[in-house]
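Residue-level listing of the chains:
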Amino acid sequence: MEMSKERIGEIAYALIKAKAKKDGVRYDLIKRELGQVSKDVGVSPEELMEFMRLLNLELHEETFKPPRKSAERKPGIPGPDNPFFYLNK
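First, a word on what this report is: a plain description of the structure on this page. (Residues numbered from 1 in each chain as written. Predicted model: local features only at pLDDT ≥ 70, side-chain atom pairs only at ≥ 80, totals over all residues. Heavy atoms only, no water.)

## Looking at a nonpolar patch on the surface
Then, in step 1: A grouping of Met 1, Met 3, Ile 8, Ile 11 and Leu 15 is seen on the molecular surface, where their side chains present a nonpolar patch of about 570 Å² in accessible area.
Then, in step 2: Here Met 3 shows up in the segment before α1 (5–23). (Patch = residues over 30% accessible without salt bridge, like charges linked within 9 Å, V, L, I, M, F, W, Y side chains within 5 Å. Areas by Shrake-Rupley, 256 points an atom, 1.4 Å probe, with all protein chains shown as cover. Salt bridge = Lys/Arg side-chain N within 4 Å of Asp/Glu carboxyl O. Helix = DSSP H or I, 4+ residues; strand = E, 2+ residues; numbered from the N terminus.)

Next comes the structure, spelled out in structure tokens:
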């Protein structure tokens, strides 16, 4: 089965993202190893840091996305619009 480079990239990104989500991202280690990793994979250190920044941003957005609007608020749980709304009933 032939796979396009684009599809291979999508799969590789999904694997990296899943690993980062499971284990976290240690930027202190990445910065120390950045030069060697960039040489190993043939990517500039600037591009590598930008990739890691975008990956971290995407993981952060997925982790802290707001709840769906259709979700009902449970009684007694303060809401962002009025932290004491349950006292006003």
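Additional details are given in the paragraphs that follow.
## Focus on the environment of Gly 35
Then, in step 1: With respect to the helices and strands, Gly 35 occurs in helix α2 (residues 27–41).
Then, in step 2: On the basis of relative accessible area, Gly 35 is assigned to the partly exposed category, the value being 36%.
Then, in step 3: Along the backbone, Gly 35 and Glu 46 are 11 residues apart, and their C-alpha atoms lie at a distance of 9.9 Å. (Buried < 20%, exposed > 50% of the residue type's maximum accessible area, 1.4 Å probe, protein only.)

## Points about the packing of aromatic side chains
Then, in step 1: Following the criterion strictly, the structure yields one aromatic pair and no others.
Then, in step 2: Aromatic side chains Tyr 13 and Phe 51 sit 5.8 Å apart centroid to centroid with 80 degrees between the ring planes, which places their arrangement in the edge-to-face category. Residue Tyr 13 is found in helix α1, and its partner Phe 51 is found in helix α3 (residues 45–63); the two are separated by 38 residues along the sequence. (Phe/Tyr/Trp six-rings, centres within 6.5 Å; stacked < 30°, edge-to-face > 60°.)

## A look at the packing of α1 against α3
Each pair of packed helices can be described by the angle between their axes along with the distance between the axes.
Then, in step 1: Interaxial distance between α1 and α3 falls to 11 Å at its minimum, and their mutual angle equals 65 degrees. The way α1 lies across α3 gives a crossing that is right-handed. Together, Tyr 13, Ile 16, Lys 17, Ala 20 and Lys 21 of α1 and Phe 51, Leu 55, Glu 58, Leu 59 and Glu 62 of α3 make up the contact between the two elements.
Then, in step 2: Residue classes in the contact of α1 with α3 are distributed as six nonpolar, no polar and four charged. (Axes fitted to C-alpha atoms, helices over the stretch in contact; angles between N-to-C directions. Left-handed = near helix turned anticlockwise from the far one by under 90°. Contact = heavy atoms within 4.5 Å. Nonpolar A, V, L, I, M, F, W, Y, C, P; charged D, E, K, R; others polar.)

## Description of the packing of α2 against α3
Then, in step 1: With their axes 9 Å apart at the nearest point, α2 and α3 run at an angle of 140 degrees to one another. The handedness of the crossing between α2 and α3 comes out as right-handed. Contact residues: α2 offers Tyr 27, Ile 30, Lys 31, Leu 34, Val 37 and Ser 38, while α3 offers Pro 45, Leu 48, Met 49, Met 52, Arg 53 and Asn 56.
Then, in step 2: Within the contact of α2 with α3, the residues separate by chemical class into eight nonpolar, two polar and two charged.

## Comments concerning the nonpolar core
Then, in step 1: Counting residues in hydrophobic clusters, the biggest one holds seven residues: Ala 20, Ile 30, Leu 34, Leu 48, Met 52, Leu 55 and Leu 59.
Then, in step 2: For this core, the secondary-structure elements that each account for two or more residues are α2 and α3.
Then, in step 3: Among the elements that take part in this core, α3 stands out by supplying four residues, more than any other.
Then, in step 4: When residues no more than four places from it in sequence are discounted, the contact partners of Leu 48 are Leu 34, Val 37, Ser 38 and Val 43. (Core = buried A, V, L, I, M, F, W, Y, C linked by side-chain atoms within 4.5 Å.)

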